[in-house]
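A structural walkthrough
The residues making up each chain are set out below.
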Amino acid sequence: MKWLYGKISPPLVIAKFKTCLLNPRTKWAAFTALNILTVCFNVTPALLLHEMSSIPLPCNEFEWACPTMESWLQVRMGCVRGWTCLGEALAALLCPSPLQAETVSVFGAYVLLHAILQGMWGFQQNSWLESSDLAKYFQKFEVTLRGWHTCWKDNVESSVSPRNPYSAVTANPAALFRLAYMWIGADFSGVRASIASLDPETIESSFKQLVIPVPPTDLTMRIVTHAIGALSTRVKLGMALKEQRLSCFQSFEVHLFSVECCQYYTWISARRYRHMPFANQHCT
């Protein structure tokens, strides 16, 4: 990359790379925004994974927020890695060696998580799959989620603290990660579809019809742990909102991602599973 700076004037360099940064970032912003409709309201995805797999993931927030051309060029000169595309990053999550945190920005991790959720949603909609086959696929999804979490938590920009300057793109992935685990435990698509109806009776009926299997397994323990952790994080973010450290839109989105966590924990509590030794672990 350094040879490029010697042949092109700095204004042209920054114009070129700002275009390279802006275009993918705009596409990923659209992808995640539209995928929220799938996650929250069971709407068919508008942008599919195979359409986006070759697009580079967004750069880190520090690079994106550079205030001057000089500071941006200095950051770019220090970058030794090339662009990582969505397809490459998803494949790396299934490799024995974990995906390195420095290869994916915190926004890129958010994109990856939406891609994983879209894949899970697709399997849930496949009526030809037997429940046993679906369980096997979801076991693979959990492996992917664990790989994602390892990458995300090691990123220096990742934090659910309201004081984090990048909180809008860090608190949301934490909530979405919890939601993904709820999807492994049960099919909430009927509930999400009913929410889109805005009809209280329809929503109440979907809640009553929901059945959550709770086998006594380690996976169930992990799912419940994430449900409890999500509720705890919501309380902390709610306190931060009162102190005006968190935007209303972000708070709304984070809480919207937590519907399944509330339902799962309520289901567990109603069936007297309080004696199970759930650990209150957090996504930090």
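Use the structure listed above.
The text that follows walks through the structure, step by step, so that each part is easy to find. For clarity, every value in this text was computed on a predicted model and none was experimentally measured.

Parameters at a glance
- Residues numbered from 1 in each chain as written.
- Predicted model: local features only at pLDDT ≥ 70, side-chain atom pairs only at ≥ 80, totals over all residues.
- Heavy atoms only, no water.
- Helix = DSSP H or I, 4+ residues; strand = E, 2+ residues; numbered from the N terminus.
- Buried < 20%, exposed > 50% of the residue type's maximum accessible area, 1.4 Å probe, protein only.
- Contact = heavy atoms within 4.5 Å.
- Areas by Shrake-Rupley, 256 points an atom, 1.4 Å probe, with all protein chains shown as cover.
- Patch = residues over 30% accessible without salt bridge, like charges linked within 9 Å, V, L, I, M, F, W, Y side chains within 5 Å.
- Salt bridge = Lys/Arg side-chain N within 4 Å of Asp/Glu carboxyl O.
- Core = buried A, V, L, I, M, F, W, Y, C linked by side-chain atoms within 4.5 Å.
- Expected span 1.5 Å × (residues − 1).
- Disulfide = S-S within 2.5 Å.

Attention now moves to the overall build of the protein chain. For the protein chain, the helix and strand inventory stands at 14 helices and 0 strands. Moving toward the C terminus, one meets the helices and strands of the protein chain in the order α-α-α-α-α-α-α-α-α-α-α-α-α-α. Buried residues in the protein chain amount to 47% of all 284 residues. Sequence separation of at least 24 residues holds for 78% of the intrachain contacts in the protein chain that already meet a minimum separation of 6. Approximately 14,600 Å² of the protein chain is accessible, and the part contributed by carbon and sulfur atoms is 62%.

Our focus in this paragraph is a nonpolar patch on the surface. A cluster of nonpolar side chains, namely Leu-34, Leu-37 and Val-43, defines an oily patch on the protein surface of about 200 Å² accessible area. By secondary structure assignment, the location of Val-43 is in the loop between α2 (10–41) and α3 (49–52).

So, on to the pattern of salt bridges. Going through the model one piece at a time under the given rule, you end up with 4 salt bridges. Linking Arg-192 and Glu-260 is a salt bridge whose minimum nitrogen-to-oxygen distance equals 2.6 Å. A residue pair is termed long-range when its members are at least 10 positions apart, and Arg-192 in helix α10 (residues 189–197) and Glu-260 in helix α14 (residues 259–270) qualify at 68 residues. Taken individually, Arg-192 and Glu-260 each receive the classification buried, so the pair is uniform in this respect. Through salt bridges with shared partners, a single network forms among Glu-142, Arg-146 and Arg-222.

Turning to the nonpolar core, a few remarks are in order. Residues Trp-28, Trp-148, Phe-257 and Tyr-264 are the most contacted members of the largest nonpolar core, which totals 63 residues. The element best represented in this core is helix α7 (residues 106–124), accounting for 12 residues. In this structure Trp-148 touches Leu-93, Ala-109, Leu-112, Leu-113, Ile-116, Pro-173 and Phe-177, once residues within four positions along its chain are discounted. By size, the runner-up hydrophobic cluster in this structure holds 6 residues, among which are Leu-21, Cys-66, Trp-72 and Leu-73.

Now for helix α9 (residues 171–185). Its 15 residues give α9 an end-to-end C-alpha distance of 22 Å, which sits within 8% of 21 Å, the value for a rise of 1.5 Å per residue. Across the 15 residues of α9, 15 count as buried, placing the element largely inside the fold.

Next up on the list: the side chain of Arg-25. If you trace the backbone, Arg-25 turns up in helix α2. If we ignore the near neighbours within four places in the chain, the residues touching Arg-25 are Pro-58, Cys-59, Glu-61, Trp-64 and Phe-107.

A word on the state of the cysteines. Counting across every chain of the model gives 0 disulfides. No disulfide involves Cys-262; its sulfur sits 6.8 Å from that of Cys-261, the nearest cysteine.

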